[in-house]
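# An overview of the molecular structure
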Amino acid sequence: MTSVTRVGKHRLAPALVAALMVTGAGAAAADGKLRIITFGAHPDDCELVAGGVATKWAALGHKFKCVSVTNGDIGHAVIAGGPLALRRRAESQRAARILGIETEVLDNHDGELMVTLENRRKIARLIRDWQADVVISHRPNDYHPDHRYTGVLVMDAAYMVQVPFFTPEVPPLARNPVFLFSEDGFQKPNPFSGDIVVGIDDVVDKKLAVVEAMESQFYEGGCCDVPAAGMPPDAAGKEARRKQVHDFFASHFAATANRFRSRLAEWYGAERAAGIKYAEAFEVCEYGRQPTKEEIRQLFPFLPAR
Ligand SMILES: [Zn+2]
């Protein structure tokens, strides 16, 4: 019986293990900086679920990239197509400047994303190119087909990013990244577990500024009784709509802290956790590297040392 090495739930043949070791690519960056890549289905998903941690990582010099897997070209009540895709991309770029991160919008049509081999290759190449230590995406039981399929595509890439002759034009990662799911409220077949919960009170203003920068999504569509004719034309109407959207998202970000208050206490201690108003939460995917609690503190260096 030949010996094998476990990688996640899979086993690699010795020759493949040797090939992975020879490449040496994908080891933790020589500059000591972490590299995080987050895949959202639409231009706004990544920013909404991880904008707080993104800007915290960036402030410490770590590298964070948002990828929108579709171009968002139908995410509006009254406009669609190329002009909307261009607006959504410009808004993502504004958000990236606010957060101090990189961003990329893939040119797949909104509402039409499919789990194809070509898309699996695209996702795997992006993870390899970024030399990712951490990969974040949707869970595959989300309500929206683009969210679900983005989650499946990232899960399908989780093992392949290490296999040398899958997309061989981009060097494979020598170390499997930690794969995380972003928060959702879906209960079946299992609720989101909130393994890692980060307080974002110190950066919530930036996250709310991102909401404001994504006008086509949040002011003209997206939430809270969308005005049929877009933004109100008058200053008072605009201001009322801004306040409505601001308050909606502030309470949305606060709901995460309330939902995972006991988990916050595990990371911050009960006293400090009690004072945290806004948070972001992540679940560790069973695929990819399985981090210890100590490694999670290294990967999320803004969590307090215990
Ligand atoms: Zn979305």
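Located above this text is the structure these notes cover.
Because the structure is a prediction, the values reported are computed rather than measured. (Residues numbered from 1 in each chain as written. Predicted model: local features only at pLDDT ≥ 70, side-chain atom pairs only at ≥ 80, totals over all residues. Heavy atoms only, no water.)

### Remarks on the coordination of the zinc ion
Coordination of the zinc ion by the protein is provided by His-42 (ND1), Asp-45 (OD), Asp-45 (OD) and His-147 (NE2), with metal-donor distances spanning 2.1 to 2.6 Å. Around the zinc ion sit four donor atoms; with metal-centred angles ranging over 54 to 144°, the donor geometry is irregular. Of note, the donors binding the zinc ion are all from one chain and are spaced H-x2-D-x101-H. Of the two residues, Asp-45 is situated in helix H2 (residues 45-59) and His-147 in helix H5 (residues 145-160); the sequence distance between them amounts to 102 residues. With a relative accessible area of 10%, Asp-45 lands in the buried category. (Donors = N, O, S within 2.8 Å, 3.2 Å for Na, K, Ca; no water. Tetrahedral: all angles 85-135°; square planar, octahedral: opposite > 155°, others 65-115°. Helix = DSSP H or I, 4+ residues; strand = E, 2+ residues; numbered from the N terminus. Buried < 20%, exposed > 50% of the residue type's maximum accessible area, 1.4 Å probe, protein only.)

### With respect to the state of the cysteines
In the structure shown here, the tally under the stated rule is one disulfide. The disulfide partner of Cys-46 is Cys-66, and the S-S distance across this bridge is 1.9 Å. Taking the sign of the torsion about the S-S bond as the criterion, the disulfide between Cys-46 and Cys-66, at about -70°, is left-handed. Of this pair, Cys-46 sits in helix H2 while Cys-66 sits in strand E4 (residues 63-68), and the two are 20 residues apart along the sequence. We classify Cys-46 as buried; its relative accessible area is 2%. (Disulfide = S-S within 2.5 Å.)

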